[in-house]
Amino acid sequence: MKKQLFLAMVAAAALLAGCNDNDGNGGPGDGGDDTTEGLVFEETVNGETRYYIGDGDQNFPAPVKNYTLDATKTYYLRGWVYIQEGSTLTIPAGTVIRGEKESMASLIIERGAQIIAQGSATQPIVFTSAQPAGQRKPGDWGGLIICGRGLNNKTEQQIEGGPRSFHGGTIADDNSGVLSYVRVEFAGYPFDTDKEINGITFGSIGSATKIDHLQVSYSNDDSFEWFGGSPNCSYLVAYHGWDDDFDTDNGFSGKLQFLLGVRNPKLADTSLSNGFESDNNKDGSSEEPFTTAQFSNVTLIGPMGQDPDFYNTSASTAHPDAYINGGSLFPNNGSKLGQFQAGVQIRRNSRISLYNSVIMGYPVGIMIENDKGAGSQEAAAAGAFSIRNVHFAGVDTTATSFDNSAANTNPIIGILGSNANKTWARGTGFTDGFVRESAAANQFYTALDAIQLMQPNSLQDGFKPMPSAGSPLINSAYTVPSGFDSKGNGFAGAFRSTDPADDWTAGWCEWDPQNAEY
């Protein structure tokens, strides 16, 4: 009966689309009446009216021009829901969408479609788990995927994670819509081995797309990942993710400013978790465009220092409880726990730059490695990318090697040698000429508290990762590179000060999504 109802609704939607006056040649969202017919299904569950986006059987919604949700309704995302070319999904401020666990619910915006999700600081849009408060875990549902027609270095690709959708094209300034003041929580369902969907995945997104004020929390894979494309992004939070916070691949070339990455000491992936992980592509080839994303005003808070037993005893069998085990957040869904690695990992011919930033509490500060052949180290030596005005604090005094066997000292900068012998070379600063920035431009501190953040421990109440008065992060000489917002001048890290006016997370971020009532 449900199938018959669905088909009838699809037919009605197709008839409606065929009868409107739009000639079909406009961009996404042009013409057509706002409707959710063929996309939203109403059901009564225990006396409650629920609105399900998708029918759970991958019966793709009819390509009606516009879908507009209603913030006053209770929405559940069911199955893999595709917003197809020519369609626009509008999500009003304050809307909450709960991802269904049983159907690995995911929302996929395909090439030529748009999402208009404009929340606000007081009414963010929330994608979260459909599980009750207190029972939510990483990987409860799939995630949010947006595919565009921008540039990448593999031309056309199927998006990571398994959906049918492809991304890539020739339109550098393609517009996939708006994603602003949006939270994505407990996503990343591992529907197959090594095929988790990220919290938010961007595939070849064009530069005309608006991306700002996003928080991804407790993703079961990467929090954010970009495959090619060139959108500029700002005010992003990766909170307690499983794998990498910010992952860049396939020629992504956007500018990203005001980023906060915060780790939970109990959550790390078997692939080794980083703040940044960057590849030119999975082959490490020299195909262009290169991955040349630029980052400014970033704060990466690693696992060490947040739990007093963590890493001081984690290598010892005498303290197995201190080792990364997921704690109460372990989802028991096939995901494998691992270890933390670096604040920033640049490999496989990538050449990303980092300015005016903070890396604290990671085993290794920065790794520049020639995994799968030469490339990143040579690019660094040639001055193809820069690491400037970065403050390293409380990085570990010992760290495991690439094969997790040998202890190494002084791991502030880790440079992995040939992939054949997996040897390491390390130094207290960048070798003169290696990154084309003098060691004096970057600052190194043994103690975490040397950089004087107000309260950087996310496991305790009152989490506040802003610099206190007198912090060495406040430096009037720091300026942002061309193309960045001048609001980032005068300090390193994601925040200028403890002044409430400088807290861009206020009102819309959530630090305890497990227990938030929606």
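Above this text sits the structure in question.
Fair warning: this is a prediction, and the values are worked out from it, not measured in the lab.

*Asks:* So, the overall build of the chain: which residues are in play, and what are the values?
*Replies:* Each helix and strand in the chain was counted, giving two helices and 33 strands. Look at the contacts in the chain between residues 6 or more apart in sequence, and 68% of them connect residues 24 or more apart. Looking at the chain as shown, the accessible area adds up to about 19,100 Å², and 48% of this sits on carbon and sulfur atoms.

*Asks:* I'd like a description of the pattern of salt bridges, backed by residues and values.
*Replies:* The full count for this structure, using the stated rule, is 14 salt bridges. The salt bridge partner of Glu43 is Arg78, with a shortest N-O separation of 3.0 Å. Taken together, the positions of Glu43 in strand E1 (residues 40-45) and Arg78 in the loop between strand E4 (75-77) and strand E5 (80-83) put the pair 35 residues apart, joining distant regions of the chain. Residue Glu43 is classed as partly exposed on the basis of its relative accessible area of 25%. Residue classification places Arg78 among the buried residues on the basis of a relative accessible area of 14%. Salt-bridge contacts for Lys154 lead to Asp283; the nearest nitrogen and oxygen are separated by 2.7 Å. Of this pair, Lys154 sits in the loop between strand E11 (143-147) and strand E12 (157-158) while Asp283 sits in the loop between strand E21 (276-278) and strand E22 (294-301), placing them 129 residues apart in sequence. Among the charged side chains, a network of salt bridges with common partners joins Glu277, Asp279, Arg347 and Arg348.

*Asks:* Would you mind going over the packing of aromatic side chains in detail, with residue names and values included?
*Replies:* By the definition in use, this model includes 21 aromatic pairs. Seen in terms of ring centroids, Phe224 and Phe246 are 5.5 Å apart; in terms of plane orientation they differ by 15 degrees. Their pairing is stacked. Here Phe224, found in strand E17 (residues 224-227), pairs with Phe246, found in strand E19 (residues 246-249); they are 22 residues apart in sequence, far enough to count as distant. A network of ring pairs unites the aromatic residues Phe202, Phe224, Trp226, Phe246, Phe252, Phe276 and Phe295 as a single cluster. When the ring centre of Tyr52 is taken as reference, the NZ or CZ atom of Arg78 above it lies at 3.8 Å. Note that Arg351 overlies the ring of Phe290, its terminal NZ or CZ placed 3.8 Å from the centroid.

*Asks:* Now, about the pairing of strand E7 (residues 96-99): what can you tell me, with residues and values included?
*Replies:* The two faces of E7 match: Val96 and Arg98 on one face and Ile97 and Gly99 on the other face are all buried. In this structure, E4 lies alongside E7, joined through three bridges in parallel fashion. Directly across from Tyr75, in E7, lies its bridge partner Ile97. In terms of strand pairing, E7 meets strand E10 (residues 125-129) through four bridges, oriented parallel. Within the sheet, the bridge partner assigned to Gly99 lies in E10 and is Ser129.

*Asks:* Account for empty space enclosed by the protein, naming residues and giving values.
*Replies:* Under the criterion given, the structure shown has two cavities of 30 Å³ or more. Looking at the second largest cavity, its volume works out to about 30 Å³. Forming the walls of the second largest cavity are Gly54, Asp55, Gly56, Asp57, Gln58, Asn59, Pro61, Arg78, Trp80 and Val81. Grouping the constituent residues of the lining of the second largest cavity by class yields three nonpolar, four polar and three charged.

*Asks:* Explain unusual backbone geometry to me, using residue names and the numbers behind them.
*Replies:* Across the junction of Glu288 and Pro289, the peptide omega takes the value 0 degrees, indicating a cis bond. When you line up the elements, Pro289 lands in the loop between E21 and E22. Of note in this structure, Ser204 is not a glycine but carries a positive phi near 55 degrees. Note on placement: Ser204 falls in the loop between strand E15 (200-203) and strand E16 (210-217).

*Asks:* Can you explain the side chain of Asp212? Please cite residues and give values.
*Replies:* Within the secondary structure, Asp212 is located in strand E16. For Asp212, the residues in contact, after removing those within four places along its chain, are Leu179, Ser180, Tyr181, Ser234 and Tyr235.

*Asks:* Describe the environment of His167, listing the residues and the values that go with them.
*Replies:* Note that His167 resides in strand E13 (residues 166-167). The exposure class of His167 is buried, given its relative accessible area of 1%. Put simply, His167 and Ile146 are 21 residues apart on the chain and 8.8 Å apart in space, counted from C-alpha to C-alpha. Engagement of the side chain of His167 in a polar contact is seen with the side chain of Ser204, the distance being 2.7 Å.

*Asks:* Describe the nonpolar core, listing the residues and the values that go with them.
*Replies:* Core analysis: the largest hydrophobic core is formed by 62 residues, its most contacted members being Leu107, Phe127, Leu179, Phe202 and Phe224. The contact partners of Phe127, leaving out residues within four places of it in the chain, are Ile91, Ile97, Leu107, Trp141, Leu144, Val182, Arg183, Val184 and Glu185. Residues Leu473, Phe491, Ala492 and Trp508 belong to the second largest nonpolar core, which totals 29 residues.

About the thresholds
Residues numbered from 1 in each chain as written. Predicted model: local features only at pLDDT ≥ 70, side-chain atom pairs only at ≥ 80, totals over all residues. Heavy atoms only, no water. Helix = DSSP H or I, 4+ residues; strand = E, 2+ residues; numbered from the N terminus. Contact = heavy atoms within 4.5 Å. Areas by Shrake-Rupley, 256 points an atom, 1.4 Å probe, with all protein chains shown as cover. Salt bridge = Lys/Arg side-chain N within 4 Å of Asp/Glu carboxyl O. Buried < 20%, exposed > 50% of the residue type's maximum accessible area, 1.4 Å probe, protein only. Phe/Tyr/Trp six-rings, centres within 6.5 Å; stacked < 30°, edge-to-face > 60°. Lys NZ or Arg CZ within 6 Å of the ring centre and 35° of its normal. Pairing = 2+ DSSP bridges. 1 Å grid on protein atoms, 1.4 Å probe; cavity = no way out; pocket = protein on both sides within 12 Å on 5 of 7 lines; lining within 4 Å. Points joined across faces, edges and corners; volume = space filled by probe spheres on them. Nonpolar A, V, L, I, M, F, W, Y, C, P; charged D, E, K, R; others polar. Polar contact = N/O pair within 3.5 Å; in protein donor to acceptor, adjacent residues only side chain to side chain. Core = buried A, V, L, I, M, F, W, Y, C linked by side-chain atoms within 4.5 Å.

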